[in-house]
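In case you want the letters, here they are:
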Amino acid sequence: MLGERIAQDDRQKIELEVVSQRARLRITRLVRDATQANGPDGSQIRLVRINRFINLMNTARGGKIYRLEMWGDDYAVGEYAWHLGELELVFRRPATLELIEGLADLLAEDLLSVPDLNAILADDGVGIQFKWTNDTISVDVVPVDELPDEPIESSEHTNMRKLFDRMDRALEAQDWPLAVHTAASVFETLAKSVVTNPNVQSQSLGSWFQLYRNHSNLSDAILDEIKDIFDRRNTTPLAGHGSMADPSTTEEEARTMRELTRTIVRLERALSTISTQVSTT
């Protein structure tokens, strides 16, 4: 569609992707480097460049545009302080879809490098890549069957959309214990996107759940539910490990769990956005 960078059929898929805070920090670092300027007017030039990044990202989110105005021969000190602070937040606030649209606009303006952004997303396990098509930036959503298929017992960061696909296939096969295991993996991946501590990225969520609780914006009741589902992965017969006992999970529980995981993933991202906005007011 003219003027769109993301195909309509891909928008819901992108909403299921989670871009970790670590990846967002790496993007912020790219922009810090890209806005540097030398010479006697270097600080002023850098301010103008930062303003351009901020406004393009805010436009993608439907936010306000900040009009930068010079007073005399320079900008007010407050302008420098606000822009430097805003730069640290502008990639943390957006939901995944808004972030990808904003990044596509930055690429279209030749403000960032396609290979650099693609590398960061790939390293983060995000199934999204940018490319130039007929002199226009487009967004490719990697098909689920082309995403790396982590071993079921893996505690490494796994693509969220891949996990939801695995859960749907488990439900189709009436494998209720696998649905429990996959829901737990979704929450583990979500937690690793919130807690950027590299020491926990290859560890099971159970060993550092309190750290996630400290960083999460979810209520204690929801976090308790997440912990309960995660613990069930280790106690439910056939949920990722062999057992002679009969599966205890019912179809109703498995299907409820599927909807709950999707809701919680979206809620964590939405509350994170609100929290970031409040901290700047």
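Whatever comes next refers back to the structure up there.
Residues numbered from 1 in each chain as written. Predicted model: local features only at pLDDT ≥ 70, side-chain atom pairs only at ≥ 80, totals over all residues. Heavy atoms only, no water.

## Concerning the pairing of strand β1 (residues 128-133)
By the bridge criterion, six bridges tie β1 to strand β2 (residues 136-141) in an arrangement that is antiparallel. Considered in β2, the bridge of Trp132 is made with Ile137. Between β1 and β2, which pair antiparallel in sequence order, lie two residues; one of them, Asn134, sits at a positive phi of approximately 55°. (Pairing = 2+ DSSP bridges. Helix = DSSP H or I, 4+ residues; strand = E, 2+ residues; numbered from the N terminus.)

## Observations concerning the packing of aromatic side chains
Counted according to the given criterion, the structure contains three aromatic pairs. Arranged with centres 4.3 Å apart and planes meeting at 20°, the rings of Tyr66 and Trp82 form a pair that is stacked. You can see Tyr66 sitting in the loop between α3 (42-61) and α4 (77-87) and its partner Trp82 sitting in helix α4, a full 16 residues away along the chain. A relative accessible area of 27% means that Tyr66 is categorised as partly exposed. Judged by centre distance (6.5 Å) and plane angle (75°), the ring pair of Tyr75 and Tyr80 falls under edge-to-face. An identical accessibility class is assigned to Tyr75 and Tyr80; each is buried. When the ring centre of Phe209 is taken as origin, the NZ or CZ atom of Lys227, which lies over that ring, is 6.0 Å away. Between the NZ or CZ atom of Arg262 and the centre of the ring of Phe164, over which it lies, the distance is 4.6 Å. (Phe/Tyr/Trp six-rings, centres within 6.5 Å; stacked < 30°, edge-to-face > 60°. Buried < 20%, exposed > 50% of the residue type's maximum accessible area, 1.4 Å probe, protein only. Lys NZ or Arg CZ within 6 Å of the ring centre and 35° of its normal.)

## A word on the side chain of Gln44
The topology assignment puts Gln44 in helix α3. Of the polar contacts made by the side chain of Gln44, one reaches the side chain of Asp74; its length is 3.2 Å. (Polar contact = N/O pair within 3.5 Å; in protein donor to acceptor, adjacent residues only side chain to side chain.)

## As for the packing of helix α1 (residues 8-15) against helix α5 (residues 96-108)
The N-to-C vectors of α1 and α5 enclose an angle of 120°; their axes lie 8 Å apart at closest approach. In this view, α1 runs oblique relative to α5, as classed from their interaxial angle. In this structure, α1 contributes Arg11, Ile14 and Glu15 to the contact, and α5 contributes Thr96, Leu97, Ile100 and Glu101. The class makeup of the residues in the contact of α1 with α5 is three nonpolar, one polar and three charged. (Axes fitted to C-alpha atoms, helices over the stretch in contact; angles between N-to-C directions. Parallel < 35°, antiparallel > 145°, perpendicular 65-115°, else oblique. Contact = heavy atoms within 4.5 Å. Nonpolar A, V, L, I, M, F, W, Y, C, P; charged D, E, K, R; others polar.)

## Describing unusual backbone geometry
With a phi close to 60°, Asp110 is a non-glycine residue in the positive phi region. Tracing the chain through its elements places Asp110 in the loop between α5 and α6 (114-123). The class of Asp110 is exposed, set by a relative accessible area of 64%. Positive phi values are uncommon outside glycine, yet Asn134 reaches one of about 55°. Among the structural elements, Asn134 can be located in the loop between β1 and β2. You can call Asn134 exposed: its relative accessible area is 72%.

## With respect to the pattern of salt bridges
Inspection of the entire model under this criterion finds 21 salt bridges. The salt bridge involving Arg32 is made with Glu88; its shortest N-O contact spans 2.7 Å. Taken together, the residues Arg32 in helix α2 (residues 21-34) and Glu88 in the loop between α4 and α5 connect sequence positions 56 residues apart. Judged by relative accessible area, which is 31%, Glu88 ranks as partly exposed. Where Arg169 meets Asp165, a salt bridge forms, and the shortest distance between an N and an O atom there is 2.9 Å. In this pair, Arg169 and Asp165 are both assigned in helix α7 (residues 160-172), four residues apart and thus about one turn of the helix distant. Taking relative accessible area as the criterion, Arg169 reaches 42% and is therefore assigned partly exposed. A relative accessible area of 26% means that Asp165 is categorised as partly exposed. Salt bridges linked by common partners bring Asp168, Arg258, Glu259 and Arg262 together as one network. (Salt bridge = Lys/Arg side-chain N within 4 Å of Asp/Glu carboxyl O.)

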